[in-house]
Amino acid sequence: MPFRRRPASSAQRTLAIAQLVSAIGDGAYYTSSALYFTRIVGLSPARLGLGLAVAWAIGSLAGVPLGHLADRRGARGTAAALALGTAVVVASFLAVRSFLPFLAAACLYATAQSGLGAARQALVGGLVPERERTAALARLQATLNAGLAVGAALGGVALTVGTRAAFLAAFALTAAGFLATGLLLLRLPVVAAGGGPAGRPARDGGFAVLTDRRYVVVALVNTVLLLRMPLLSLVIPLWIADRTPQLGWLGSALFVLNTLGVTLFQVRTARAVTGLRSAARTVRQAGAVLLASCAVFALSAAAVPLWATGALLVGGAVLQVIGEMKQSAGSWQIAFDLAPADRLGQYQGFFGTGVAVARTAGPLLLTTLLLDGGGPGWLLLGGLFLTAGCAMGPAVRRAERDRPWRTPVTTGTLTEAC
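Residues numbered from 1 in each chain as written. Predicted model: local features only at pLDDT ≥ 70, side-chain atom pairs only at ≥ 80, totals over all residues. Heavy atoms only, no water.

### Here we look at the overall build of the protein
Of the regular secondary structure elements, the protein holds 15 helices and 0 strands. Its C-alpha atoms give the protein a radius of gyration of 21 Å, within 12% of the compact-globule value 22 Å for 418 residues. In the protein, buried positions account for 53% of the 418 residues. Look at the contacts in the protein between residues 6 or more apart in sequence, and 84% of them connect residues 24 or more apart. When the accessible surface of the protein is split by element, carbon and sulfur atoms take 66% of a total near 17600 Å². Averaged over its 35 positive side-chain charges, the protein has a centre that lies 5 Å from the centre of its 14 negative ones. (Helix = DSSP H or I, 4+ residues; strand = E, 2+ residues; numbered from the N terminus. Rg over C-alpha atoms; globule rule 2.2 N^0.38 Å. Buried < 20%, exposed > 50% of the residue type's maximum accessible area, 1.4 Å probe, protein only. Contact = heavy atoms within 4.5 Å. Areas by Shrake-Rupley, 256 points an atom, 1.4 Å probe, with all protein chains shown as cover. Lys, Arg positive; Asp, Glu negative; His and termini not counted. Charge placed at Lys NZ, Arg CZ, Asp CG, Glu CD.)

Structure follows, in structure tokens:
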């Protein structure tokens, strides 16, 4: 039977619009912030990097408690409050003149972003029927990438103009985007504490996810796969600049390619994921595709004509975006299906910690491994991706045994050989 797209509900459309406007603001911020803080504020690149690393390390600890707050007090109100709080923090960047105020504001920004991610996931869990969640999250991810592209273009205008006023306009756009996001989220139906309009408050017991060892293992496996995140934004542009400086412009072009690929094909990729069986299979496929991507990037260091190097870099980037979309679709399903309905916030907050870990540790780890290690480093990273992809199935199967509300999946399905 051909796939029939279900019409999005009013709540899902509101979520998508909120995602779009916040992503436009994020795109403008990510594009312009580094140069603003170094050129206008006067921070050294080393201090900027240190501040961001500390901020995201602290932010990675905030997902669980703020997700727990969403479980206890309601996801809609928590998400809206964190979006509005992010707007205030971004506005405070306009007054930053030295390192310590920057560090404080960056820590608040990372904390609010981590909490907002957890609360927004819990909000999706409360408003979207279980069978539609992965498709809904795929649409939100496509919307996110479209918004980032628009925001990056607007941030690029600030970079081109280069004046303080231009940078401040970009930051004001970011603050306005999160302000609008908070107001839009308040228009959604109330999601009762405990996972839905008819949910019940989360049971007492604190941060149960921290004692759920099998879910922790699943999240750790996913974190390994999330090491793909710094590749496109940091490592690949540096790899190109070091090996083939004539193709330095290709780094930004590959970023655009990735953004367009996710915008156009994430929803289609997610259609293959309908439960834990298909999710584990899709993550395993993602590991294999990411291995192939790393192998192609390793080949780009070979002594071949310039056009062949460019073709290899594009080919590696295409494989990477395919692996990214598969990993995202599978991990969304897994993260929700293994989480108790009354603790979606804290479980999603913990699962989302992998993003902060990848942002914090990934740049140092991958620049050392790939820029110093060259082709063998790429192959080692690809092997790590493949191992994590193959490990996800057994990890999910073991975690599911502790979920009395689920019927265990067939063992053979989740332990297929790679």
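### Some thoughts on helix α13 (residues 344-372)
Every α-helical turn comprises 3.6 residues, leaving residues that sit three or four positions apart pointing alike. Taking 1.5 Å per residue as the helical rise, α13 with its 29 residues ought to reach 42 Å, and the 41 Å between its terminal C-alpha atoms agrees with that figure. Looking one or two places after α13, you find G374, whose phi comes out positive at around 65 degrees. (Expected span 1.5 Å × (residues − 1).)

### Observations concerning the side chain of T174
Assignment of secondary structure puts T174 in helix α7 (residues 164-185). You can call T174 buried: its relative accessible area is 0%. Polar contacts involving the side chain of T174 include one to the main-chain carbonyl oxygen of G25, which spans 2.7 Å. For T174, the residues in contact, after removing those within four places along its chain, are G25, D26, A28, Y29 and V90. (Polar contact = N/O pair within 3.5 Å; in protein donor to acceptor, adjacent residues only side chain to side chain.)

### Quick word on the environment of A298
Locating A298 in the fold gives a position in helix α11 (residues 276-299). Classification of A298 by relative accessible area gives buried; the value is 14%. Here the alpha-carbon distance between A298 and G115, two residues 183 residues apart in the chain, equals 37 Å. If we skip the residues at most four places from it in the chain, A298 touches G375, W378 and L379.

### Some thoughts on the pattern of salt bridges
One pass over the structure, following the stated rule, counts 2 salt bridges. Salt-bridge contacts for D242 lead to R243; the nearest nitrogen and oxygen are separated by 2.8 Å. Of the residues examined, D242 reaches a relative accessible area of 52% and is grouped as exposed. By relative accessible area, R243 is classed as partly exposed at 31%. (Salt bridge = Lys/Arg side-chain N within 4 Å of Asp/Glu carboxyl O.)

### Focus: the side chain of S293
Here S293 lies in helix α11. Overall, S293 belongs to the buried group, its relative accessible area being 3%. Within the local environment of S293, its side chain forms a polar contact with the backbone oxygen of G316, the two atoms lying 2.8 Å apart. Once residues within four sequence positions are removed from consideration, S293 is found in contact with G316, L319 and Q320.

### Examining a nonpolar patch on the surface
Among the surface-exposed residues, V256, L260, L264 and F265 lie close enough to one another that they form a single nonpolar patch of about 380 Å² accessible area. In this structure, F265 sits in helix α10 (residues 250-270). (Patch = residues over 30% accessible without salt bridge, like charges linked within 9 Å, V, L, I, M, F, W, Y side chains within 5 Å.)

### Observations regarding the environment of F167
By secondary structure assignment, the location of F167 is in helix α7. With 134 residues separating them along the chain, F167 and S33 place their C-alpha atoms 7.9 Å apart. Ignoring sequence-local partners within four residues, the contact set of F167 consists of S32, L35, Y36, I40, A158, L159 and G162.

### Comments concerning the nonpolar core
Ranked by size, the top nonpolar core spans 80 residues in total, and within it L123, L185, V218, L231, I334 and W378 carry the most contacts. Per-element accounting of this core gives the leading share, 8 residues, to helix α14 (residues 374-400). Setting aside its immediate chain neighbours within four residues, L123 contacts L15, A75, R76, A79, L185, L188 and V191. In terms of nonpolar packing, the next biggest core, distinct from the first, is built from 23 residues, L48, F99, F102 and A175 among them. (Core = buried A, V, L, I, M, F, W, Y, C linked by side-chain atoms within 4.5 Å.)

### What to know about helix α5 (residues 99-127)
Taking 1.5 Å per residue, 29 residues should reach 42 Å; α5 reaches 41 Å between its end C-alpha atoms and fits that length. The buried fraction of α5 amounts to 21 of the 29 residues, a majority that puts the element mostly inside the structure.

By themselves these figures say nothing about function.
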